[in-house]
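Coordinates in review
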Amino acid sequence: MIIPISLLASKTLLLSARKYRPQTFKDVVGQKAITNTLLNAIESNHLASALLFTGPRGVGKTTCARILARKINQPGYDDPNEDFAFNVFELDAASNNSVDDIRNLIDQVRIPPQTGQYKVYIIDEVHMLSSAAFNAFLKTLEEPPKHAIFILATTEKHKIIPTILSRCQIFDFKRITVKDAKEHLADVATSQGVVFEDDALHIIAQKADGAMRDALSIFDRVVSFCGNNLTRQAVTENLNVLDYETYVTVTDLILENKIPDLLMAFNDILSKGFDSHHFVSGLASHFRDLLVITVNETIELKRNFTDQDRYNRLLQLNPNIELLRTTFGLDLDA
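This structure is a prediction, so every number in the text was calculated from the model and none was measured. (Residues numbered from 1 in each chain as written. Predicted model: local features only at pLDDT ≥ 70, side-chain atom pairs only at ≥ 80, totals over all residues. Heavy atoms only, no water.)

Topic: the packing of aromatic side chains
Under the definition given, this model contains 7 aromatic pairs. For the ring pair Phe-53 and Phe-173, a centre distance of 5.2 Å and an interplane angle of 55° mean the geometry is tilted. Placement of Phe-53 in strand S2 (residues 50–54) and of Phe-173 in the loop between strand S6 (169–172) and helix H7 (178–191) is noted, with a sequence separation of 120 residues between them. As far as the burial class goes, Phe-53 and Phe-173 line up, both buried. An aromatic cluster of at least three residues, connected via ring pairs, comprises Phe-89, Tyr-121, Phe-137 and Phe-150. (Phe/Tyr/Trp six-rings, centres within 6.5 Å; stacked < 30°, edge-to-face > 60°. Helix = DSSP H or I, 4+ residues; strand = E, 2+ residues; numbered from the N terminus. Buried < 20%, exposed > 50% of the residue type's maximum accessible area, 1.4 Å probe, protein only.)

So this is what it looks like as structure tokens:
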């Protein structure tokens, strides 16, 4: 069943991911290239009738589809409060993937909108459509009525048949960078009156792994745990993550050749439920950060946000030689 977007509103308390959902292209985080392209296409009247938004989860595909649906209906319309909600229809292909569902959609497409210029059909998780549904959709997707725009969204573009891809203008959404996610979280925290440490937001942004929606969900979770004061220690405890303090301690033990203490520290990490591969990967990333900050030109490549003084303390032993030799057994003097 196709549900008008206006019926999806809820009176329950909104989570941050919904409360701070972008309402304009300007508000979308980390997808400037795509939002600028869509705006230019609208202004020059070169918008395709079928668009495919593809990319990881939680990066703004459905949000951009909804913003686009409102934007294309606004020119020449007098009421600034009109959101054209009844012109926007969402179909969840994960649960409506049969050929009959697509035929019902095709029947509705023929009816022109009562207000505005376009009816917009957003088909989420489009890769879940059955082969028969895809085939039934082909002709309408290629030659839709002038008043219809189709926006397909998927996290798995490779599962969509080539005949569908060839009929769509494809937009590849990228993962949200840690920097962009942290800056947005800082704005959200400030608007909610939450006091925070930069390290705390950085850990949340890293944990989200490129998904802004996940970052906001994690933010809500840690605020519920910590209250209105987000500290690095409280966030690491709540999320059960290995922060850079652990790697700083381990690095100290390595450089001081305290092998028994190092083994005890590693055992303590394992006893807390952390995977050994995850620890080794994090330690390698920490060593990488130690190395790239030794040269001014590569400092910006540092992945972890840490106090520069902490790194400088570790780098007093000429890291390019001592750290590499100690860690990897390299004979750099040879």
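So that's the structure; there's more coming.
Here's the deal with the packing of helix H4 (residues 99–109) against helix H5 (residues 131–142)
Direction vectors running N to C along H4 and H5 enclose 20°, while the axes themselves pass 8 Å from each other. The angle between H4 and H5 falls in the class roughly parallel. H4 and H5 meet at a crossing whose hand is right-handed. Between H4 and H5, the contacting residues are Val-99, Ile-102, Leu-105 and Ile-106 on the first element and Ala-132, Ala-133, Ala-136, Phe-137 and Thr-140 on the second. Residue composition of the contact of H4 with H5, grouped by class: 8 nonpolar, 1 polar and no charged. (Axes fitted to C-alpha atoms, helices over the stretch in contact; angles between N-to-C directions. Parallel < 35°, antiparallel > 145°, perpendicular 65-115°, else oblique. Left-handed = near helix turned anticlockwise from the far one by under 90°. Contact = heavy atoms within 4.5 Å. Nonpolar A, V, L, I, M, F, W, Y, C, P; charged D, E, K, R; others polar.)

Considerations on the pairing of S2
Across the 5 residues that make up S2, a large majority, 5, are buried. Side chains Ala-50, Leu-52 and Thr-54 of S2 all project onto a buried face; the interleaved residues Leu-51 and Phe-53 project onto the opposite face, where all are buried too. Two elements, S2 and strand S5 (residues 148–154), share 5 bridges in a ladder whose sense is parallel. When the sheet's bridge partners are listed, Phe-53 is paired in S5 with Ala-153. Sheet analysis places S2 next to S6, joined by 4 bridges and oriented parallel. By the bridge assignment, Leu-51 is partnered in S6 with Gln-169. (Pairing = 2+ DSSP bridges.)

Looking at helix H13 (residues 276–292)
For H13, built from 17 residues, the straight-helix expectation of 24 Å at 1.5 Å per residue is met to within 8% by its first-to-last C-alpha distance of 24 Å. Looking only at H13, the buried set comprises Phe-279, Gly-282, Leu-283, Ser-285, His-286, Phe-287, Asp-289, Leu-290 and Val-292. With a side-chain oxygen lying 2.8 Å from the backbone nitrogen of His-277, the N-terminal cap of H13 falls on Asp-275. (Expected span 1.5 Å × (residues − 1). Polar contact = N/O pair within 3.5 Å; in protein donor to acceptor, adjacent residues only side chain to side chain.)

Quick word on the side chain of Asn-87
Tracing the backbone shows Asn-87 in the loop between helix H3 (61–71) and strand S3 (88–92). Within the local environment of Asn-87, its side chain forms a polar contact with the backbone oxygen of Tyr-118, the two atoms lying 2.9 Å apart. The contact partners of Asn-87, leaving out residues within four places of it in the chain, are Asn-73, Pro-113, Thr-115, Gly-116, Tyr-118, Lys-119 and Val-120.

Points about the pairing of S5
The buried fraction of S5 amounts to 7 of the 7 residues, a majority that puts the element mostly inside the structure. With burial as the criterion, each face of S5 is covered, one bearing Ala-148, Phe-150, Leu-152 and Thr-154 and the other bearing Ile-149, Ile-151 and Ala-153. Sheet analysis places strand S4 (residues 119–124) next to S5, joined by 5 bridges and oriented parallel. Residue pairing for S5: Tyr-121 is matched across the bridge by Phe-150.

Side note on the nonpolar core
Generally speaking, soluble globular proteins have nonpolar side chains that are buried together. Core analysis: the biggest nonpolar cluster contains 50 residues, and Phe-53, Leu-68, Ile-151, Leu-185, Ile-204, Phe-219 and Leu-230 have the highest contact counts within it. Among the elements that make up this core, the one with the highest residue count is helix H9 (residues 212–226) (8 residues). Composition of this core by domain shows at least three residues from each of domain 1 (16–172) and domain 2 (178–239). Sequence-distant contacts of Ile-151, that is, excluding residues within four places in its chain, are made with Leu-51, Phe-53, Ala-65, Leu-68, Val-120, Tyr-121, Ile-122 and Ile-123. Residues Leu-52, Ile-102, Ile-123 and Ala-148 belong to the second largest nonpolar core, which totals 24 residues. (Core = buried A, V, L, I, M, F, W, Y, C linked by side-chain atoms within 4.5 Å. Domains from an automatic or database assignment.)

Such coordinate-based values are descriptive only and should not be taken to indicate function.
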